[in-house]
Amino acid sequence: MAVTARIDGRLLRSARTRTAVVDALLDLLNEGELQPTTARIAARAGVSLRVVFHHFNNLEALYSEVALRQGERIRPLAQNISPELPLLERIDLLTAQRSRIYEAISPVRRAGLLMEPFHPSLGRELAAVRNEMRERAASIFAPELNRLADADRPETVAALHAIGSWSAWEQMRRHQGLSEAEARAAMARGFRALLQR
């Protein structure tokens, strides 16, 4: 019994340490550090550098787990929007949702852009998220898309995805200097221009 308790306690401490390292990296990214060193991550987590590499064989493994944790944090912000609602209501709901999500993920996403080419598992995770966002928009606007000619549908879905993407949000917020409300209004205008016929 004592051996089992010791093993359980060790596993619990190990899991807590692993979580602390992942959370430390996410916190540093959210604070604007685009490429925190392993030493900075260890210091933030309150562990030694050796402990970081004990739990994560390499940075690839660490960033892969960070991507999963970020998904867990953000997923509750993406609530279902019924395609049966009136079009303008769906547009308002989706733009409000994307605004909340993009404001929450922007610091980490900027770092992800730098890391994606060098960390294949992170790239796969980000590609899956982009695909999920695309599919979600296509589902929300299915009534309008289904009325289009087959040849027009893929282009319209691609345009919806571009207008509603984090990249477009970053362009509006960071490069054009729009406020959150202005960027949201611009996104909604793009959706309306594509879907109102």
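Residues numbered from 1 in each chain as written. Predicted model: local features only at pLDDT ≥ 70, side-chain atom pairs only at ≥ 80, totals over all residues. Heavy atoms only, no water.

Visitor: Can you break down the pattern of salt bridges residue by residue, with the values?
Guide: Under the criterion given, the structure shown has 15 salt bridges. One salt bridge connects R110 with E170, and the closest N-O pair in it is separated by 2.7 Å. Here E170 lies in helix α9 (residues 166–175) and R110 lies in helix α5 (residues 87–115), a separation of 60 residues in the sequence. R130 is the partner of E116 in a salt bridge, and the nearest nitrogen-oxygen pair spans 2.8 Å. Taken together, the residues E116 in the loop between α5 and α6 (120–140) and R130 in helix α6 connect sequence positions 14 residues apart. Its relative accessible area of 34% is what places R130 among the partly exposed residues. By sharing partners, the salt bridges in this structure join D23, R69, E72 and R73 into a single network. (Salt bridge = Lys/Arg side-chain N within 4 Å of Asp/Glu carboxyl O. Helix = DSSP H or I, 4+ residues; strand = E, 2+ residues; numbered from the N terminus. Buried < 20%, exposed > 50% of the residue type's maximum accessible area, 1.4 Å probe, protein only.)

Visitor: I'd like a rundown of the nonpolar core, residues and numbers included.
Guide: Grouped together as the largest cluster of nonpolar side chains are 26 residues, with contacts concentrated most on L94, Y102, F141, L145 and L160. Among the secondary structure elements, those contributing two or more residues to this core are α5, α6, α8 (153–163), α9 and α10 (180–195). The residues touching L145, leaving out its near neighbours within four places in the chain, are A138, R153, T156, V157 and L160. In terms of nonpolar packing, the next biggest core, distinct from the first, is built from 21 residues, L29, I41, M115 and L122 among them. (Core = buried A, V, L, I, M, F, W, Y, C linked by side-chain atoms within 4.5 Å. Contact = heavy atoms within 4.5 Å.)

Visitor: Can you lay out the packing of α5 against α10 for me, pointing to particular residues and giving the numbers?
Guide: The N-to-C vectors of α5 and α10 enclose an angle of 140°; their axes lie 9 Å apart at closest approach. The orientation of α5 with respect to α10, classified from their angle, is oblique. As for the relative orientation of α5 and α10, their crossing is right-handed in sense. Side by side, α5 and α10 meet where L87, L88, I91, D92, L94, T95, A96, R98, S99, Y102 and E103 of the first sit next to E180, R184, M187, A188, F191, R192 and L195 of the second. Partitioning the contact of α5 with α10 into residue classes produces ten nonpolar, two polar and six charged. (Axes fitted to C-alpha atoms, helices over the stretch in contact; angles between N-to-C directions. Parallel < 35°, antiparallel > 145°, perpendicular 65-115°, else oblique. Left-handed = near helix turned anticlockwise from the far one by under 90°. Nonpolar A, V, L, I, M, F, W, Y, C, P; charged D, E, K, R; others polar.)

Everything listed here is a matter of coordinates, which is why it stays silent on function.
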